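One letter stands for each residue in the lines below.
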Amino acid sequence: SLVRDWGIIDMYLLPGFRAKPFVGKNSRLRAEVLVDNDNISYQSSAEDKHLDIALRWSQSLGVFDIGSYWFHGTNRDPILTPITEGNKTQLRQYYNQMDQFGFDVQATIDDWLWKYETIYRTTDIEDFWAMQAGLEYTYVGVFNSSADLGLLIEYGWDSRGEGNEQTQGANVQNDVFFGSRLALNDMQSSEMLIGFGADLDHNAYSFLIEANRRLGESFKVSLDVRLLQSNDEYDPLYSVKDDDHLQFAIEYYF
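How each quantity is defined
Residues numbered from 1 in each chain as written. Predicted model: local features only at pLDDT ≥ 70, side-chain atom pairs only at ≥ 80, totals over all residues. Heavy atoms only, no water. Helix = DSSP H or I, 4+ residues; strand = E, 2+ residues; numbered from the N terminus. Buried < 20%, exposed > 50% of the residue type's maximum accessible area, 1.4 Å probe, protein only. Contact = heavy atoms within 4.5 Å. Areas by Shrake-Rupley, 256 points an atom, 1.4 Å probe, with all protein chains shown as cover. Pairing = 2+ DSSP bridges. Phe/Tyr/Trp six-rings, centres within 6.5 Å; stacked < 30°, edge-to-face > 60°.

Trainee: Please clarify how the overall build of the protein chain should be interpreted in this entry.
Mentor: If you tally the helices and strands in the protein chain, you get zero helices and 16 strands. Referenced to the eigenvectors of the C-alpha coordinate spread, the extents of the protein chain come out at roughly 65 × 50 × 45 Å. Classification of the 254 residues of the protein chain by burial places 31% in the buried group. Long-range contacts, defined here as pairs at least 24 residues apart, represent 48% of the contacts in the protein chain between residues at least 6 apart. Element-wise, carbon and sulfur atoms account for 56% of the exposed surface of the protein chain, whose accessible area totals about 16100 Å².

Take a look at the structure:
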């Protein structure tokens, strides 16, 4: 890191890469066609030993926190292509090289948070833009308590849209999300997030609840609920439309 009055420059050298793990046939959530975790190929002759590099500049200007970056190296999102052997079809992972440029800004104005992030990614197969924007308002000490209640809305857009035969579509190509975050600000760090998402291009919706709380000095309990609905076979959620998910976990720290 290089710290100066005009900002902070962070420099990264990434000498190794780990392929993205996908769940197997006995796991959820998963698509109808499984991804082969053993059949992996790379554009680079160095494969998973390609030396990736990244640079990031960040600075605070009044109420604004601003950052921009450049990344060159192995794409973290694999291209999945179907491979059929006998009567078995799986998706093979292919990792190409990419350059990605990004910019993000956050404004903190009283009880408001305004956020915007955009990226431009270029590869030998496709170039695209994507962005995420949102705002959050926090009621501090709601109902004269020590708890804070935040209301938030986010919008996501991706120029890849639904994709075609040559390119993969985007999971968040034209989506909106509404949510509420409750922080009790107690000794147990009790928090809960409730949200509802809608795909504006498809008849697809999602609902989630995330909650966690510490118990004593060593335990933490968490709840994760995700309900999915989709009627459009071209929507990314369609393959998991019947996989509503509820998870309750108890973690022990030592």
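Trainee: What is the right way to read the pairing of strand β8 (residues 97-109) from this model?
Mentor: Within a regular strand, the side chains alternate between the two sheet faces. Note that strand β5 (residues 64-74) and β8 share eleven bridges and pair antiparallel. Bridge pairing in β8 places D65 opposite Q106. Examined bridge by bridge, β8 and strand β9 (residues 112-122) share eleven bridges and lie antiparallel to one another. Following the sheet pairing, T108 is matched in β9 by L113. Hairpin connection of β8 to β9: two residues between the antiparallel strands, including D110 at a positive phi of 55°.

Trainee: Would you explain the packing of aromatic side chains in this entry?
Mentor: Working definition: an aromatic ring pair is given by the centre-to-centre distance plus the angle between the planes. This structure, assessed with the given rule, holds ten aromatic pairs. With 5.0 Å between their ring centres and 70° between their planes, F17 and Y95 make a pair best called edge-to-face. Of the two residues, F17 is situated in the loop between β2 (7-14) and β3 (35-42) and Y95 in strand β7 (residues 88-95); the sequence distance between them amounts to 78 residues. Comparing F17 with Y95 shows no difference in burial state: the two are buried. Measuring from centroid to centroid gives 5.1 Å for F219 and Y252, while their planes differ by 50°, and the two rings are tilted. Here F219, found in strand β15 (residues 219-230), pairs with Y252, found in strand β16 (residues 245-252); they are 33 residues apart in sequence, far enough to count as distant. Under the relative-accessibility criterion, Y252 is labelled partly exposed at 48%. Feature note: the residues W112, W114, Y137 and Y139 constitute an aromatic cluster, connected by ring pairs.

Trainee: Help me understand the environment of A54, please; the structure alone is not making it clear to me.
Mentor: Mapped onto the elements of the fold, A54 is located in strand β4 (residues 52-61). Assessed through its relative accessible area of 13%, A54 is described here as buried. Separated by 44 residues in sequence, A54 and D10 place their C-alpha atoms 8.2 Å apart. Setting aside residues up to four positions removed in sequence, A54 forms contacts with D10, M11, Y12, W70 and F71.

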